Amino acid sequence: MSRPTNRRQDNHKIDWHLPSISSSASAHHMSRELFVLTYGALVAQLCKDYEKDEDVNKYLDRMGYDIGIRLVEDFLARSAVRKCRSYSETVDVIAQVAFKMYLGVTPSVSCSNTTENEFFLMLDKNPLVDFVEELPAGRCSLCYCNLLCGVIRGALEMVHLAAEVTFVQDRLKGDDVTEIGIIFLKKLEDKKHKRKK
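Since the structure is predicted, the reported quantities are computational estimates derived from the model, not experimental observations.

(A) Focus on helix H3 (residues 87-103). At Ile94, H3 is deflected by roughly 30 degrees, the largest bend along its length. Those residues of H3 that fall on the buried side of the exposure criterion are Thr90, Val91, Val93, Ile94, Ala95, Ala98, Phe99, Met101 and Leu103. Downstream of H3 by one or two residues, Gly104 has phi in the positive range, about 75 degrees.

(B) Main features of the nonpolar core. If you look at the biggest cluster of nonpolar residues, it comprises 36 residues, and the most contacted ones within it are Phe99, Leu121, Ile152, Ile180 and Ile182. Looking at this core, the elements with two or more residues in it are helix H1 (24-49), helix H2 (53-79), H3, strand S2 (118-123), helix H4 (146-158), strand S3 (161-169) and strand S4 (178-187). With 6 residues, the top contributor of residues to this core is H4. Those residues in contact with Ile180, other than ones at most four positions away along the chain, are Phe99, Phe119, Phe120, Leu121, Leu123, Leu148, Cys149, Ile152, Val165, Thr166, Phe167 and Val168.

(C) Highlighting the confidence of the model for the protein. Chain-level statistics for the protein give a pLDDT mean of 82 and a share of 79% at 70 or above. Within the protein, the element-level pLDDT minimum falls on H1, averaging 77, and the maximum on H4, averaging 96. Note on residues 7-28: pLDDT under 50 across the span, and 7 contacts to partners over four residues away in sequence or across chains. In this model, residues 192-197 is a region of pLDDT below 50 whose contacts with residues beyond four sequence positions or in other chains number 0 contacts.

(D) Spatial organisation of the packing of H2 against H4. Where H2 meets H4, the axes come as close as 6 Å, and the angle between the chain directions of the two elements is 40 degrees. With respect to their mutual orientation, H2 and H4 come out oblique. Considering only the axes of H2 and H4, their crossing is right-handed. Residues Asn57, Leu60, Asp61, Met63, Gly64, Tyr65, Ile67, Gly68, Ile69, Leu71 and Val72 of H2 pack against Asn146, Leu147, Cys149, Gly150, Val151, Arg153, Gly154, Ala155, Glu157 and Met158 of H4. Taken together, the residues that form the contact of H2 with H4 break down as 12 nonpolar, 6 polar and 3 charged.

Here is what the cut-offs are and how they apply
- Residues numbered from 1 in each chain as written.
- Predicted model: local features only at pLDDT ≥ 70, side-chain atom pairs only at ≥ 80, totals over all residues.
- Heavy atoms only, no water.
- Bend = angle between axes of the 7 residues up to and from the residue.
- Helix = DSSP H or I, 4+ residues; strand = E, 2+ residues; numbered from the N terminus.
- Buried < 20%, exposed > 50% of the residue type's maximum accessible area, 1.4 Å probe, protein only.
- Core = buried A, V, L, I, M, F, W, Y, C linked by side-chain atoms within 4.5 Å.
- Contact = heavy atoms within 4.5 Å.
- pLDDT = per-residue confidence, 0-100.
- Axes fitted to C-alpha atoms, helices over the stretch in contact; angles between N-to-C directions.
- Parallel < 35°, antiparallel > 145°, perpendicular 65-115°, else oblique.
- Left-handed = near helix turned anticlockwise from the far one by under 90°.
- Nonpolar A, V, L, I, M, F, W, Y, C, P; charged D, E, K, R; others polar.

Encoded structure:
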């Protein structure tokens, strides 16, 4: 049986918009929670794909680095922070503005007494581990939140600051706090090209 040619076909459109949420804080909470759940699934899959914890740690760091180099533009546009004049001011902006903006937490900052280029971010609450109680069995050297180190390192590099960012302490490994160490290595040179005449 054939369809009559004069009959108009109805194109059904699907509305993919999420329901409206009354406050931006609720939307931020929903997206942060979705990110945390998705991140947990990602780490679980990486643990299946890679036998060595070092490989998983490197992958998470690299992924975080790629996020950081792209995220810095959004951060600078949304936060309207001015250029930092010192390493301590830079770390304060990371802790008080960036962490609050993207993860909803504000870590405390401490500085190494011996050098002025080594800082520590101490997280009382790490939102990336909201749904994680312990590391997977046999994964004692896994840095579950190593993505954060990569994000910080990538963002700092985009503002011409080379840094080594590592986890110093981790609650998932039995420590009292989660602590991220930042060591500023040197200021990256701005490459300026000379015009040829």
